[in-house]
Structure formats: structure tokens, C-alpha cells
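The residues making up each chain are set out below.
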Amino acid sequence: METETVRTRPDVGRGGGRAARLTRRQGVGSLVAEAAGSPLRRTMGVGQLTLLSVGATLGTGIFVVLGQAVPEAGPAIVVSFVLAGVTALFSALSYAELAGMIPGSGSSYSYAYATLGELVAWVCGWCLILEYGVSVAAVAVGWGQYVNELLDLTVGVTLPDTLSAPPGAGGVLNIPAAAIVVLAMVVLLRGAKESAVANTVMVGVKIAALVMFCAVAFTAFRAGNFTPLFPLGTAGMSAGAASLFFSYIGFDAASTAGEEAKNPQRDLPRAIILSLVLVTALYVLVAVAALGAMPWKRFEGTEATLSEVLVQSVGGGSLWPVLLSVGAVVATTSVVLTVQYGQIRILFAMSRDGLVPPLFSKVHPTTGVPRANTVIVSTFIAVLAALVPLGALADATSIGTLFAFMLVNLAVVLLRRRSPEVPRSFRVPFSPVTPILGVGFCVYMLFSLGPDTWAAFGGWMAVGLVIYWLYGIKHSKLGDRLGSGDGLGSGDKVGSGDKPGDKETA
């Protein structure tokens, strides 16, 4: 897609001061031009982008959270995965259209900035910080559980709970969870190309591990384990889907690679849709195999869940559980690496816009990596992983993910009306019905989450709004360009009758 000159005019007559700044928007053209001039290096093709998305998605819901989600839904957890996948599909279609249209690092934050204004964009970005950071921490906790399982199966010893579990779960400090975050940081500091190669290898290993699990678990399959299918009702099925939804964060991570993709307009939409279809199919297949091999009531309290299924339900010694645990360790390592990458790129985009300090958008000249950003984010996540229990992390991630996805669906509808002439390499079919359904599914699942999760989310949003009011609104680059009293116009292309005073944003 060629970069077009897009003309925008400052909104006048809407009042001055901070209130007017809250609704100012970035033009689509300025976002595209900004991405085209990015200091990040374009090294990824469609295959690497797809594997980045798969790496960020595949493994979290199956390897880590299944043991917490099955007791909420019973055998209906299979339907929960389908419901979560359908909800993600509606949003993935919207992501595909916007990623091809605005191929930047900001993901849904940038899409919201172009459609709903600076305040909503900040809220979306703040949700993404929660979504990504907490997701990495949750997966890191699960990684430590599988390491313990692997140690137990191979050498008969495990790390003590005081050093491998967070407070509230029998531990003092979860050292393995913090260690894998630091390891991912080291890989990310080497560069995007090197990180993509490492991720490709790990994705191959974890797909092989899941296929192996299904082949072995189906030898112990009992259809009676699915009767009744809804022992906890449809409410349980919905609660399970809401808890699992953070497992579908991956295609959002792929969209953050827009400034490091060789041909983002063509490749990002393909990678997003392809990865979601592959991951959802594997999730459902593995869930069916696991529930068929072990009754759902025995899932409660399990940590390395799939390995536990093989230990309890399949004969043949410890070979299969050992291989599965190796695959799980590799799988969760891949998720930590790719989702951590996504968070760093979101903060890079927000920093470039002036909403967070410029340190986060400073790129190292040799590696092409935002080095300080990578170190700061990784340190924060490592501390979070070491101190917070898995269940609280998973639900907090789900609410942030759902909120961001809801905004992306709204952005598609608004940009279709405001900027119908802007080239789109992919178009959501049956719009506006499809994105509106995406909003509806997200809202439905949001209200399936518990009050404690909503309370934590409300507290997080309150902190974010304070930071925006004290820092972001004052340092916004958009405010610098337009003047302190003006908001930004639609950012849409204006016809030949524009007035000479209209502002060009390229």
C-alpha cells in the first residue's frame, strides 16, 4: 500500500483546554508515514509473522490454565474454547483489516488513536500493558510448574515451594518464573530477527508435543467423561471461556510487528487469520483428548495439567509425561518471548507519541532494539511473575484483552465511515455486522468475569488515568503539532475543496 498524503484540519469551535485534547485523533496517513520511517528493522516475512502469532498464543491456555478453567466449566470447557475462539475470530478479522491499513507497532492502541481519540487510545494502551505484562507473568508461573514436573519425572526431586511458588500459594518467591522472563529479555536484546528464529524452533517443538499428547491421550479416551456436558450450566461454560480468553492474545502480538514486517499490508492479515485458525483447532483437539482421558473433577488443583493427565490416565511409564513436560517448557518459553516482545512494541509506540517517557522509544543503533524499554519491561514482569499467583494473573489478562478487542471492532466500523477511500489490503466480511457481533461477544464475556477481577481492573484504570492526566496529556506529540488548544480532526482524506489553512500530516 502506498503512503498517501492525508490532510487533516484542526478541530476549531470545540472549546480549548484539556477537555478538547481528550478527543484529538491521529490521522491514518500520519500513522502510516510514521511507521514507514520507523528505526526498527524490517526482517519478518509472512511465515515468521504467523509463527510469532502462534508462538504468543499456542500453549498458554492448554499448558498453563487448563487446570484452573476445567473446574469452572466441566467437560463444557471444550465448548468454552470454541466460544473463546469464535469471539477471537470476530476480533481477528477486525485486526486483520486494521493491521493492513495501519501497519505500525501500536496495535489496537494506534487503531483507537485514529478513531476514538487520545483518551480512549491511552485507556486501550493501558489495557494492553495489563494484558501483555500480566499474560507473560502468568505463563512464566506456568513455566515454573512444568520445570518442577520435569525435574520430578527425571531425577525425582523438585524445587521447594518457597522458591518456586508465589506468596499465597505456599511460596515466598517464584524464582523459576522470574528466571524465564530474564532469559527472554536476553534473547530479545539480540534483535528481532534472532528472536524470530528462536521462536520458530520453539513453535515446531510445541506443536509436535501437543500432537504427541493427543495421540497418547486418545488411547485412554472414555466418552463417559463428557456426560453430563454442562454439569455447571451455561454460566460455567461462559466463565471458562472468559478465563481462557487471554490464551488468544497471539494475533494481537503479531500486529505489533507491523514496523518489522517486510510487507506488512500483505502479510499481517494473512498471519493473523492463519494463526488463529491453527491455534483454535489445536486447543479444541487437545481439550477433547485431555477430558476424554481424565474425568473433569480430577483437574482441580493440578498445575502441569497435561503431564498430570498422562501420569494418571495412560500407562507405559514416565516416557510420555517426560516428553510432554519438555514440550511444555519449550512452549511456554515461546509464549513468554513473543508476548514480552509485543508489550515492548506497544510501549515503543506510546512513547513515540509522547504519552510515556521518550526512553521507551530510544532504539539501539547496532541491534535495532529499544534496549532500555526491553530491560525496564522485563524487570517489571519478572517481579510480577515472582510475586503474584497464576489464577489472579489469568483473569486480569482476560479483562484487558477483551476490552482492547472490543475497541478494535469499534475502530473498524468508525474508519469505514470516516475513511472509506483509504486502501485496505483486507476487508472484514459483512461489515458492520461482523465487528458489531465482535463487540457483543466481548461484552458478554466481560460480564462473565468475577467482581474481584472487575475491582482489580478498575483500580488499574484509575492509576492509568492519573498517569495520563499528570504526564501524557502534557507531553503528547499530537498536542505539540496542533497547539495546546486544538484537537485533531478526523485524519481522513479531505477533498480538493479544502481550505489553504488545512494542516498536512503526510
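Note that the structure is predicted; figures quoted are calculated from it, not measured.

1. Examining the overall build of the protein chain
In terms of helices and strands, the protein chain carries 21 helices and 2 strands. The buried share among the 506 residues of the protein chain stands at 59%. With an accessible surface of roughly 17800 Å², the protein chain has 67% of that area assigned to carbon and sulfur atoms.

2. Here's the deal with the environment of Leu93
Looking at where Leu93 falls in the secondary structure, it is placed in helix H6 (residues 77-101). Leu93 sits 319 residues away from Val412 along the chain, and the two C-alpha atoms are 9.6 Å apart. Not counting the four nearest positions on each side in its chain, Leu93 is found in contact with Ile273, Phe426, Val428, Pro429 and Thr434.

3. Topic: the packing of helix H11 (residues 192-217) against helix H16 (residues 319-352)
Two measures define how a pair of helices packs: the angle their axes make with one another and the distance between the axes. At a minimum axis separation of 8 Å, H11 and H16 run at an interaxial angle of 145°. In this structure, H11 crosses over H16, and the sense of that crossing is left-handed. The segment H11 lies against H16, with Ala192, Ser195, Ala198, Asn199, Met202, Val203, Val205, Lys206, Ala209, Met212, Phe213 and Val216 engaging Trp320, Leu323, Leu324, Gly327, Val330, Ala331, Thr333, Ser334, Val335, Leu337, Thr338 and Arg345. Split into classes, the residues belonging to the contact of H11 with H16 amount to 16 nonpolar, 6 polar and 2 charged.

4. Describing the packing of aromatic side chains
The tally for this structure, following the rule as stated, stands at 13 aromatic pairs. Between Tyr95 and Tyr111, the ring centres sit 6.1 Å apart and the planes meet at 70°, which makes this aromatic pair edge-to-face. Here the residue Tyr95 occupies a position in helix H6, and Tyr111 occupies one in helix H7 (residues 108-115), the gap between them amounting to 16 residues. Comparing Tyr95 with Tyr111, the two get one shared label, buried. The structure contains a cluster of three or more aromatic residues connected by ring pairs, namely Trp122, Trp126, Trp460 and Tyr468.

5. As for the nonpolar core
If you look at the biggest cluster of nonpolar residues, it comprises 150 residues, and the most contacted ones within it are Ile77, Phe81, Phe213 and Leu306. With 20 residues, helix H8 (residues 118-155) is the largest single contributor of residues to this core. Filtering out sequence-adjacent residues up to four positions away, Ile77 remains in contact with Leu66, Ala69, Val70, Gly240, Leu244 and Leu291.

6. A few points about the pattern of salt bridges
Using the criterion set out here, one finds 7 salt bridges in the structure. Salt-bridge contacts for Glu34 lead to Arg352; the nearest nitrogen and oxygen are separated by 3.8 Å. Here Arg352 lies in helix H16 and Glu34 lies in helix H2 (residues 28-36), a separation of 318 residues in the sequence. A salt bridge links Arg266 to Asp267; the shortest N-O distance between them is 2.6 Å. Residue Arg266 is classed as partly exposed on the basis of its relative accessible area of 41%. Under the relative-accessibility criterion, Asp267 is labelled buried at 1%.

7. Description of the side chain of Thr305
Inspection of the secondary structure puts Thr305 in helix H15 (residues 305-313). The exposure class assigned to Thr305 is buried, which follows from its relative accessible area of 0%. Within polar-contact distance, the side chain of Thr305 engages the backbone nitrogen of Gly67 at 3.2 Å. If we ignore the near neighbours within four places in the chain, the residues touching Thr305 are Phe63, Leu66, Gly67, Tyr146 and Phe299.

8. Focus: the environment of Ser476
Turning to its location among the elements, Ser476 is positioned in the loop between helix H20 (451-475) and helix H21 (477-482). Separated by 120 residues in sequence, Ser476 and Val356 place their C-alpha atoms 8.6 Å apart. In contact with Ser476, not counting residues within four places along its chain, are Arg24, Tyr113, Glu118, Asp353, Gly354 and Leu355. A polar side-chain atom of Ser476 sits 2.7 Å from a polar atom in the side chain of Glu118.

9. Considering unusual backbone geometry
One can expect most non-glycine residues to show negative phi and most peptide bonds to be in trans. Of note, the bond from Thr227 into Pro228 is cis; its omega dihedral lies within 30 degrees of zero at -5°. Structurally, the position occupied by Pro228 is in the loop between H11 and helix H12 (233-244). With omega at 10°, the peptide bond leading from Ser431 into Pro432 counts as cis. With respect to the helices, strands and loops of the structure, Pro432 is situated in the loop between helix H18 (390-418) and helix H19 (433-446). With phi around 55°, Ser107 is a residue other than glycine that occupies positive phi space. In this structure, Ser107 sits in the loop between H6 and H7. Ser107 sits in the buried class, given a relative accessible area of 1%. Positive phi, close to 60°, is recorded for Phe430, a residue that is not glycine. Within the secondary structure layout, Phe430 lies in the loop between H18 and H19.

10. Notes on the confidence of the model for the protein chain
Any segment with low pLDDT has predicted coordinates that should not be analysed in fine detail. Mean pLDDT over the protein chain works out to 81, with 86% of the residues at or above the 70 mark. Averaged over each element, pLDDT in the protein chain is lowest for strand S2 (residues 503-504) (32) and highest for helix H10 (residues 175-188) (92). Confidence drops under pLDDT 50 across residues 483-506; counting only partners more than four residues distant or on other chains, this segment forms 70 contacts.

11. Section: the packing of H11 against H15
Where H11 meets H15, the closest approach of the two axes is 11 Å, and the angle between their N-to-C directions is 30°. One finds that H11 runs roughly parallel with respect to H15. Viewed along their axes, H11 and H15 form a crossing whose handedness is left-handed. Along the contact surface, H11 presents Leu210, Phe213, Val216 and Ala217, while H15 presents Leu306, Val309 and Leu310. Residues of the contact of H11 with H15, tallied by class, amount to 7 nonpolar, no polar and no charged.

12. Concerning a nonpolar patch on the surface
A cluster of nonpolar residues, Leu163, Val172, Leu173, Ile175, Val383 and Leu387, forms a patch on the protein surface that exposes about 490 Å² of accessible area. Here Leu387 shows up in helix H17 (residues 371-387). In this structure Leu387 comes out as partly exposed when scored by relative accessible area, which is 40%.

13. Considerations on the state of the cysteines
Inspection of every chain in the model, using the stated rule, returns 0 disulfides. With no disulfide partner, Cys127 has as its closest neighbouring cysteine sulfur the one in Cys124, 6.4 Å distant.

Rules behind the numbers
Residues numbered from 1 in each chain as written. Predicted model: local features only at pLDDT ≥ 70, side-chain atom pairs only at ≥ 80, totals over all residues. Heavy atoms only, no water. Helix = DSSP H or I, 4+ residues; strand = E, 2+ residues; numbered from the N terminus. Buried < 20%, exposed > 50% of the residue type's maximum accessible area, 1.4 Å probe, protein only. Areas by Shrake-Rupley, 256 points an atom, 1.4 Å probe, with all protein chains shown as cover. Contact = heavy atoms within 4.5 Å. Axes fitted to C-alpha atoms, helices over the stretch in contact; angles between N-to-C directions. Left-handed = near helix turned anticlockwise from the far one by under 90°. Nonpolar A, V, L, I, M, F, W, Y, C, P; charged D, E, K, R; others polar. Phe/Tyr/Trp six-rings, centres within 6.5 Å; stacked < 30°, edge-to-face > 60°. Core = buried A, V, L, I, M, F, W, Y, C linked by side-chain atoms within 4.5 Å. Salt bridge = Lys/Arg side-chain N within 4 Å of Asp/Glu carboxyl O. Polar contact = N/O pair within 3.5 Å; in protein donor to acceptor, adjacent residues only side chain to side chain. pLDDT = per-residue confidence, 0-100. Parallel < 35°, antiparallel > 145°, perpendicular 65-115°, else oblique. Patch = residues over 30% accessible without salt bridge, like charges linked within 9 Å, V, L, I, M, F, W, Y side chains within 5 Å. Disulfide = S-S within 2.5 Å.

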